[in-house]
Amino acid sequence: MANHTTNQQERRDSSAGSVAGVIDKAPASSPNTADSQSDQSITVLNEDRDTLKNLFHQMLLIRRFEEKCAESYNLGKIGGFCHLYIGQEAVGVGAISAIRKDDYVVTSYREHGQAIAKGIPPEAVMAELYGKADGCSHGKGGSMHLFDASVNFLGGHAIVGGQIPLGTGLAFASKYKETDRVTLCFFGEAAVNQGAFHESLNMAQLWKLPCIYICENNMYGMGTSLERAMSLQDVAQKACAYEIASEFVDGMDVLAMRQATLRAVKRAREKSLPTLIEARTYRYMGHSMSDPGKYRTRAEIEKYQERDPIKIFRAALQENDILTDQDISELEAQVKERVEQAVKFAEESPEPDPNELYTDVYANP
Amino acid sequence: MAVLTMRDALNTALREELARDPDVFLMGEEVAEYQGAYKVTRGLLDEFGPKRIIDTPITELGFAGLGVGAAMAGLRPIIEFMTFNFSILATDQIINSAAKMLYMSGGQFKIPIVFRGPGGSAYQVSSQHSQALESWYAYFPGLKVVMPSTPADAKGLLKSAIRDDNPVIFIEQERMYGMKGEVPDDDNFVIPLGVAEVKREGTDATIVARSLMVPLALKAAEELDKDGVSCEVIDPRTIRPLDIDAIVGSVKKTSRVVIAEESHPFCGVGAEISAEINERAFDYLDAPVKRVSGADVPMPYAKNLENLALPGVEQIVAAVREVSYLD
């Protein structure tokens, strides 16, 4: 059982969830105390250069992809609801870097970034957002329902908390089939107030299921702050109620996310045990593109942006001579081109054939 | 052919399908050690072990969703609701996950799952434990809904439901578990979903009945026969997909139709069947389509009130006489 402290503040202040020898952070580990930090650097050790570069590349790709989504949405190219991942990239990228291709990911509707991190080509994601036939869900799911069986990305799900029992079931299947495949199940902190969360954690520990529950605590359920919605705001501590191992992680630190997930994956693969990870993070954009954001101040957003996950990781990589300025410019250009390519692909992909309206309702008549 | 109760016919179907396919597992409240609240799962734990016959906590949303997730990964779960009344807690997973997964994933994730258990009216258990929910589930494209009315149908349809690659809602009538009938022994005896059966042939009026209403309709037909009215009783057996062609075919033959159901009339399955008949066979009708439904009230406890809330043989007879202009 990891980190079962009862004092929420004590845990945050003692940097629990950070990895000794891998990351050495500023005094406080929680982004909600970022204003008290004088040193916002992270130190990079014990990871190979390719891994580090790849993590940075993915975060940058997702950031630029999401910025392009906002642009396309405002041009009317993307319809419906569109929930962007900007600010939270370290959580999905760090966690997904810790699993294999045959492991499962199931998540919420804020999933473009996780879909790309799991291996869905940005082209197929953008085409889905454009409602095109070459989208990863063939234009039937849209922004909130990205799926790709070939990379074991089992969906964006759009009822808050609905994916938590599904992830539990994926883990159940791994155990039933006696494979060592693990499941990462992502959800926001608002989902923790749903019964689905509690019912799932209870079953997962009762039946020892290899599911890793990752709560992306971005502090707001739509426009309602954590303080207004949750009696016990320490999400990780809720694992105690089910005797599940838990960790509190700085979700702005991609390596902390990776290392915490690696530990949970080991527990899941080797001992078939679940873990709850609470990743403190922050979304810079609105809940969805239609959110005017009246419930928080510009100053608050800027405070969190000081510990922007891409900014602090870039600084660490430069300090450790992993990336030069030139490498970064090259990566920026590469990412820009890939996003342009995704848009071009989406623009050129045909709309779904009208006959597709009535396909995929039943697997057999 | 063996004579079995509905309960044992269902038990046989479960046993045969569990033996046939190792990816099939059964999960629900009291299904294993307690042997099933209604004993439908009796003996299965001993035969198949705790890995495949799984007692759950009282956590319907949780284990329904767990089943859907397991189905996404290729298993074929059978999720038992102790009664369908409790499935109401799980509707988010049944409707938003199971019914829509194949479609919203662009055909990538089929959900071969059966949600089964007793439904409809029971004996004096009042409003929350005595209700018919088939019209809820039948409303949603992506779900199939099955309601057997005989032990043989129960066996053949449940086996088909378990082998089907779609989510199937399988509603067993709580009052019918003890009903006996001949059941084929063949462990490959299956009845295709979506095929109605004429339970009694007739020429003067059609009675469309499902589940508990089928035996009542057959009794009504016998009584009407004494008055010289020959009734055809047709049981759709599957509510979705609905074998409307068979129903319309019968109506074209008899020109009069009564739809008997124990559910509420408003937005019910009978209303849908009536609309279909009006669209497809209006010119063949010699009288308006007539429904006999449960009272449009929550189920009361008192025995006399409960009897008043449910349609019986008398009401079906009266309805057929009405559409036949006999009174």
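If you're wondering where the values come from, they're calculated on a predicted model, not measured in any experiment.

Q: Is there a simple way to explain the overall build of chain B in this structure?
A: Across its full length, chain B holds twelve helices and 14 strands. Its C-alpha radius of gyration of 20 Å places chain B within 12% of the 20 Å reference for a compact globule of 327 residues. Taking all contacts inside chain B whose residues are at least 6 apart in sequence as the whole, residues at least 24 apart take part in 78%.

Q: Help me understand the packing of helix α2 (residues 49-74) of chain A against helix α12 (residues 325-348) of chain A, please; the structure alone is not making it clear to me.
A: All names here are of chain A. Contact pair α2 / α12: the axes reach a minimum separation of 9 Å and the direction vectors enclose 45 degrees. On the basis of their axis angle, the class for α2 and α12 is oblique. In the packing of α2 onto α12, the handedness of the crossing is right-handed. Contacts between α2 and α12 pair H57, L60, L61, R64, F65, K68 and S72 from the former with L331, E332, V335, K336, R338, V339, A342 and V343 from the latter. Among the residues making up the contact of α2 with α12, the classes are represented as eight nonpolar, two polar and five charged.

Q: Looking at this structure, I do not really get the pairing of strand β2 (residues 24-28) of chain B. What am I missing?
A: Working note: regular strand, side chains alternate between the two faces of the sheet. Residues and elements named next belong to chain B. Among the five residues in β2, five count as buried, and that is most of the element. Burial along β2 is two-sided: V24, L26 and G28 facing one way and F25 and M27 facing the other are all buried. Sheet analysis places β2 next to strand β3 (residues 53-55), joined by three bridges and oriented parallel. Across the sheet, the residue bridging to M27 is I54, located in β3.

Q: What should I look at first to understand the sheet that holds strand β2 (residues 153-156) of chain A in this one?
A: Two pairing modes exist for strands in a sheet, parallel and antiparallel, and in both the strands are linked by backbone hydrogen bonds. All names here are of chain A. Sheet architecture is open: six strands sit in the order β2-β1-β3-β4-β8-β7, paired in parallel fashion. Two strands bound the open sheet, and with one partner strand each, they are β2 and β7 (245-250). Ignoring which end each strand starts from, the neighbouring axes of this sheet average 15 degrees apart. The sheet contacts of helix α9 (residues 254-271) involve β4 (211-217), β7 and β8 (275-280), and relative to β8 the element is tilted by about 175 degrees.

Q: Explain the environment of L201(A) here, please?
A: All names here are of chain A. Among the secondary structure elements, L201 is positioned in helix α7 (residues 195-206). Between the C-alpha atoms of L201 and K238, which are 37 residues apart in sequence, the distance is 9.7 Å. Excluding anything up to four places from it in sequence, L201 contacts Y213, Y242, I244 and L276.

Q: Explanation requested: α12(A) in the structure shown.
A: Residue and element names in this part refer to chain A. Between its terminal C-alpha atoms α12 stretches 35 Å, which fits the 34 Å expected from 24 residues at 1.5 Å a residue. By the burial criterion, the buried members of α12 are V335, V339, A342, V343 and A346. Summarising the contacts, the buried residues of α12 are in contact with α2 and α5 (122-129).

Q: Can you help me understand the domain arrangement of chain B in this one?
A: Accessible area lost when the parts come together is the quantity often used to give the size of an interface. Residue and element names in this part refer to chain B. As assigned here, chain B comprises domain 1 (2-183) and domain 2 (197-323). Contacts between the two partners involve 23 residues from domain 1, matched on the other side by 23 residues from domain 2. Every element with two or more residues in the side of domain 1 that touches domain 2 is listed here: α6 (134-138), β6 (144-146) and α7 (151-163).

Q: Sorry, what's going on with the confidence of the model for chain B here?
A: Detailed reading of the predicted model is not advised wherever pLDDT is low. For chain B, per-residue confidence averages 98 on the pLDDT scale, and residues scoring 70 or more make up 100% of the total. Per the prediction output, this complex has pTM 0.94; the corresponding ipTM is 0.97.

Q: Looking at this structure, how should I read the pairing of strand β11 (residues 231-235) of chain B?
A: All names here are of chain B. Burial of β11 is extensive: five of the five residues sit out of reach of the surface. Going residue by residue along β11, you find C231, V233 and D235 tucked away on one face and E232 and I234 tucked away on the opposite face as well. Here three bridges tie strand β9 (residues 197-200) to β11, and the two strands are oriented antiparallel to one another. Following the sheet pairing, E197 is matched in β11 by D235. Direction of pairing for strand β10 (residues 205-209) relative to β11: parallel, over a ladder of four bridges. In the strand pairing of β11, A205 is matched with C231. Once you follow β10 into helix α8 (residues 213-226) and on to β11, the crossover reads as right-handed.

Q: Help me understand the nonpolar core, please; the structure alone is not making it clear to me.
A: One broad trend across soluble globular proteins is that nonpolar side chains are buried collectively. Among the nonpolar cores identified, the biggest contains 200 residues, and I212(A), I214(A), I207(B), A217(B), V258(B), I316(B) and V320(B) are the most heavily contacted of them. Looking at this core, you find at least three residues from each of domain 1 (2-183) and domain 2 (197-323) of chain B. Apart from residues lying up to four places away in sequence, I212(A) is in contact with V182(A), T183(A), L184(A), C185(A), T261(A), A264(A), V265(A), A268(A), P274(A), T275(A) and I277(A).

Basis of the calculations
- Residues numbered from 1 in each chain as written.
- Chains lettered and ligands numbered in written order.
- Predicted model: local features only at pLDDT ≥ 70, side-chain atom pairs only at ≥ 80, totals over all residues.
- Helix = DSSP H or I, 4+ residues; strand = E, 2+ residues; numbered from the N terminus.
- Rg over C-alpha atoms; globule rule 2.2 N^0.38 Å.
- Contact = placed C-beta atoms within 7 Å.
- Axes fitted to C-alpha atoms, helices over the stretch in contact; angles between N-to-C directions.
- Parallel < 35°, antiparallel > 145°, perpendicular 65-115°, else oblique.
- Left-handed = near helix turned anticlockwise from the far one by under 90°.
- Nonpolar A, V, L, I, M, F, W, Y, C, P; charged D, E, K, R; others polar.
- Buried ≥ 20, exposed ≤ 12 C-beta atoms within 10 Å, placed from the backbone.
- Pairing = 2+ DSSP bridges.
- Expected span 1.5 Å × (residues − 1).
- Domains from an automatic or database assignment.
- pLDDT = per-residue confidence, 0-100.
- Right-handed = clockwise from strand over helix to strand, strands pointing away.
- Core = buried A, V, L, I, M, F, W, Y, C linked by C-beta atoms within 7 Å.

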